Amino acid sequence: MTHVRLSHVSKTFTRGRDGGRVVALDDVSLDVAEGEVFGIIGHSGAGKSTLIRLINGLESPTSGQVFVGDHEIGALPERDRRGLRRDIGMIFQQFNLFRSRTVAGNVAYPLKVAGIGRAERDRRVARLLDFVGLLDRAHDHPEQLSGGQKQRVGIARALATEPSLLLADEATSALDPKTTAEVLALLGRVNRELGVTIVLITHELDVIRAVADRVAVMDGGRIAESGTLYDVFAHPKSAATADFVRGALRDRPSPETLARLRHTHGGRIVTVAIRDRTGFQTALARTFLEHQVAAGIIYGGISELQERAVGSLTFELTGPDEGIDAALAALRADGVDLTEENG
Ligand SMILES: Nc1ncnc2c1ncn2[C@@H]1O[C@H](COP(=O)(O)OP(=O)(O)OP(=O)(O)O)[C@@H](O)[C@H]1O
């Protein structure tokens with residue numbers, strides 16, 4: 001079942017002073033299935049926040065349609081949007097907690113707004129704080145908490161009205177790597193144990209790869225590509241995706257590094273994309289050997305996406321030129337993705 005659907009959505013803003021037009025989203029279509037974690041990755045200005053604001057009905061599309069469940073949220077009057085929004089939780093980069101309220105008071109707030117009585121409110125707050133591991137901090141104020149703890153309160157508050165959809169807007173961008181991992185693990189539990197669909201936007205591939213099932217890469221208001229985590233990031237088709245992969249995996253040498261490698265290594269330099277295929281590396285080594293080519297690894301990195309290997313290795317190849325040519329031709333014929341780096 002589809003939980004969120006965007007169909008040919010465009011959003012144009014008019015800039016204040018000069019009245020110029022900014023195309024924030026340009027013909028965006030995507031489907032988020034019920035119960036999945038869907039990641040949206042893009043650089044600053046790619047249109048991610050605009051997309052989130054369309055999903056929770058804070059903005060309406062200039063053209064196209066946004067559905068949440070069976071409802072076209074952009075077409076609903078504000079009163080009905082508010083009702084629908086109760087089924088959508090939000091968490092933010094800066095946590096957006098009330099400083100004057102206690103931890104318990106923050107989590108209770110949306111329940112109060114929804115008109116839920118004291119006894120039920122207290123029960124739910126205790127259950128939620130227990131779920132996020134902060135029951136013992138119920139009476140503290142946000143400033144007494146670490147960033148990670150604040151975000152856990154944010155998550156408890158977002159879940160208070162028992163939404164089926166959670167929107168996470170750069171929810172870990174203000175946190176250090178260890179705390180980020182803890183918050184992402186909690187989001188994983190929210191998804192698995194409570195069955196909540198999560199749409200997570202970020203500019204970091206490491207965030208997406210930790211939790212998302214499927215992803216969309218956004219670039220300049222458009223979806224550059226989308227699919228499963230592995231398909232999109234193991235074999236990038238767009239420049240934007242390749243850029244994120246290079247940044248996160250650091251498996252390919254930068255132009256500066258390549259220049260240095262060329263200077264220090266006299267042989268031919270070739271980068272080979274690693275495939276998640278049994279015996280891939282052995283086959284590679286055997287091909288070089290068969291053609292009397294010595295292959296030394298001079299750069300590279302192998303990592304995992306959805307428990308499958310991704311990355312690349314850069315070799316210095318030495319031996320007879322015809323042997324190297326024949327080995328590379330054999331590998332190419334076998335579907336190996338390789339790049340000669342000698343320039
Ligand atoms: N209310 C608005 N009025 C005018 N322009 C806007 C408005 N909201 C967003 N934009 C513009 O739309 C484009 C996309 O912005 P958006 O905030 O959605 O991107 P983003 O990917 O979330 O970036 P960031 O991570 O920096 O917030 C930007 O060029 C931005 O300046």
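Here, the structure is the one placed above.
Residues numbered from 1 in each chain as written. Predicted model: local features only at pLDDT ≥ 70, side-chain atom pairs only at ≥ 80, totals over all residues. Heavy atoms only, no water.

Caption draft 1: Layout of the pairing of strand β1 (residues 2-14). Where β1 lies against strand β2 (residues 21-33), 9 bridges are found, and the strand directions are antiparallel. Residue Thr12 lies in a different strand from β2, and its bridge partner there is Val23. Linking β1 back to β2 in an antiparallel pair, the connection comprises 6 residues, with Gly19 at a positive phi of about 70°. Here 5 bridges tie β1 to strand β4 (residues 63-68), and the two strands are oriented antiparallel to one another. In the strand pairing of β4, Ser7 is matched with Gln65. (Pairing = 2+ DSSP bridges. Helix = DSSP H or I, 4+ residues; strand = E, 2+ residues; numbered from the N terminus.)

Caption draft 2: Region of the structure containing the pairing of strand β3 (residues 37-42). With 6 of 6 residues buried, β3 is to be regarded as a mostly interior element. Pairing of β3 with strand β9 (residues 214-219) involves 5 bridges; the strand directions are parallel. What sits directly across from Phe38, in β9, is Arg214. (Buried < 20%, exposed > 50% of the residue type's maximum accessible area, 1.4 Å probe, protein only.)

Caption draft 3: Expanded view of the sheet that holds strand β12 (residues 294-305). Strand order across the open sheet formed by 4 strands is β12-β13-β11-β14, with antiparallel pairing between neighbours. Unpaired on one side and paired on the other, β12 and β14 (338-340) mark the two borders of the sheet. Direction aside, the axes of adjacent strands within the sheet are offset by 15° on average. Bridge count between strand β11 (residues 268-273) and strand β13 (residues 308-318): 6 bridges; the pairing is antiparallel. The residue bridging Val270 from the neighbouring strand is Phe315, located in β13. (Axes fitted to C-alpha atoms, helices over the stretch in contact; angles between N-to-C directions.)

Caption draft 4: Up close: the packing of helix α3 (residues 103-113) against helix α5 (residues 147-159). Viewed as axis vectors pointing N to C, α3 and α5 meet at an angle of 30°, and their least axial separation amounts to 7 Å. Here α3 is positioned roughly parallel relative to α5, judged by the angle of their axes. Read as a crossing pair, α3 and α5 show a hand that is right-handed. Along the contact surface, α3 presents Val103, Asn106, Val107 and Pro110, while α5 presents Val153, Ala156 and Arg157. (Parallel < 35°, antiparallel > 145°, perpendicular 65-115°, else oblique. Left-handed = near helix turned anticlockwise from the far one by under 90°. Contact = heavy atoms within 4.5 Å.)

Caption draft 5: Quick peek at the site of the ligand. Taken together, Phe13, Val22, Ala24, His43, Ser44, Gly45, Ala46, Gly47, Lys48, Ser49 and Thr50 form the complete shell of residues around the ligand. One of the backbone N or O atoms of Ala46 is found 3.0 Å from an oxygen atom in the ligand. Gly47 places a polar main-chain atom, nitrogen or oxygen, 2.9 Å from an oxygen atom of the ligand. When the ligand sits alone it has 630 Å² of accessible area, and the protein chains cover 60% of it. Among the elements of the structure, β2 and α1 (48-55) are those that each provide at least two residues to the shell around the ligand. Considering every element that reaches the shell around the ligand, the biggest residue donor is α1, with 3 residues. (Near = heavy atom within 4 Å. Polar contact = N/O pair within 3.5 Å; in protein donor to acceptor, adjacent residues only side chain to side chain. Areas by Shrake-Rupley, 256 points an atom, 1.4 Å probe, with all protein chains shown as cover.)

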